[in-house]
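Take a look at the letters that make up each chain.
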Amino acid sequence: MKIRVIATTLALTGALALTGCSASTPDLKPTETATASASATPKPTKDPVLLPNGSAKDNLYYFTWVIEKTLAADPAADSYAVAQAVGAAGFDPATVQFTFSRTAAGLAADTSEVAVQFGGQCVIGQFGPVAPKVISRVLPVLATGGCLLGTEVQSLG
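Predicted model only: the values in this text are computed from it and were never measured.

### Some words on the environment of Ser 112
Line of reasoning, step 1. With respect to the helices and strands, Ser 112 occurs in strand β2 (residues 112-118).
Line of reasoning, step 2. On the basis of relative accessibility, which here comes to 4%, the residue Ser 112 falls in the buried class.
Line of reasoning, step 3. As for Ser 112 and Gly 125, which are separated by 13 residues in sequence, their C-alpha atoms are 8.3 Å apart.
Line of reasoning, step 4. Here Ser 112 is in contact with Ser 79, Thr 99, Phe 100, Ser 101, Gly 125, Gln 126 and Phe 127, once residues within four sequence places are set aside.
Line of reasoning, step 5. Looking at Ser 112, its side chain comes within polar contact range of the side chain of Ser 101, at 3.3 Å.

### Quick notes on the state of the cysteines
Line of reasoning, step 1. According to the stated counting rule, one finds 1 disulfide in the structure shown.
Line of reasoning, step 2. With a sulfur-sulfur separation of 2.1 Å, Cys 122 is cross-linked through a disulfide to Cys 147. In this structure the cystine formed by Cys 122 and Cys 147 twists about its S-S bond by roughly -85°; its chirality is therefore left-handed. Residue Cys 122 is found in strand β3 (residues 121-127), and its partner Cys 147 is found in the loop between β4 (135-140) and β5 (154-155); the two are separated by 25 residues along the sequence.

### What to know about helix α3 (residues 79-88)
Line of reasoning, step 1. Along α3, the residues classified as buried are Ser 79, Val 82, Ala 83, Val 86 and Gly 87. Along α3, the residues classed as buried sweep out an arc of 140° about the axis, all on the same side.
Line of reasoning, step 2. Tucked into the core, α3 has its buried residues touching α2 (60-73), β1 (97-98), β2 and β3.
Line of reasoning, step 3. Following α3 by one or two positions, Gly 90 has its phi on the positive side, about 115°.

Thresholds applied
All residue numbers refer to position in the chain's written sequence, counted from 1. In view of the model being predicted, local features appear only for residues whose pLDDT reaches at least 70, and side-chain atom pairs are presented and counted only at 80 or more, with totals across whole chains, interfaces and linings using the full set of residues. The basis for every side-chain value is the complete set of non-hydrogen atoms in the structure, without hydrogens or water. Secondary structure elements are taken from DSSP: a helix is a run of H or I of four residues or more, a strand is a run of E of two residues or more, and numbering for both begins at the N terminus. Relative accessibility thresholds used throughout: buried, under 20% of the residue-type maximum; exposed, over 50%; partly exposed, between the two (1.4 Å probe, protein chains only). Any two residues whose heavy atoms approach within 4.5 Å at even a single point are treated as in contact. Whenever two N or O atoms come within 3.5 Å, that pair is a polar contact, provided that in protein one can donate a hydrogen and the other can accept it, and provided that, for residues adjacent in sequence, both atoms are side-chain atoms. Throughout, a disulfide means two cysteine sulfur atoms within 2.5 Å of one another. What the arc covers is the set of directions going from the helix axis to the C-beta atoms.

Here it is in structure tokens:
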């Protein structure tokens, strides 16, 4: 449990540090002004869908969207409810793993993780009170055959 907390904290700290990075604005003459630029990644106008023949990376946006939609509908949803939503969204429920949303002492966990195997890789999402948004990524399947490590990892399958 302690290793999971440390690993989660390091991952979250790294992700938060990256969100603070930005390109510098060139020096402007006193008469010039900077203008806001459009977002580099436009949001789709319709809901994303599962791409069964796509890769894990191709489905990362859909996976993240499912988690965000679940949490928007119920901000108090626990990791089990989010894992069920991922399984119901077309991902193989037998490969869905998740961590508890509460500690052994009954306190809310800082973050929770939900993961699913897809296309020989793991799609992992992290969310919770200390995460400003859903953080997701694609990583290799672990040597153990799963996506998450620890004694607290649960599975839908």
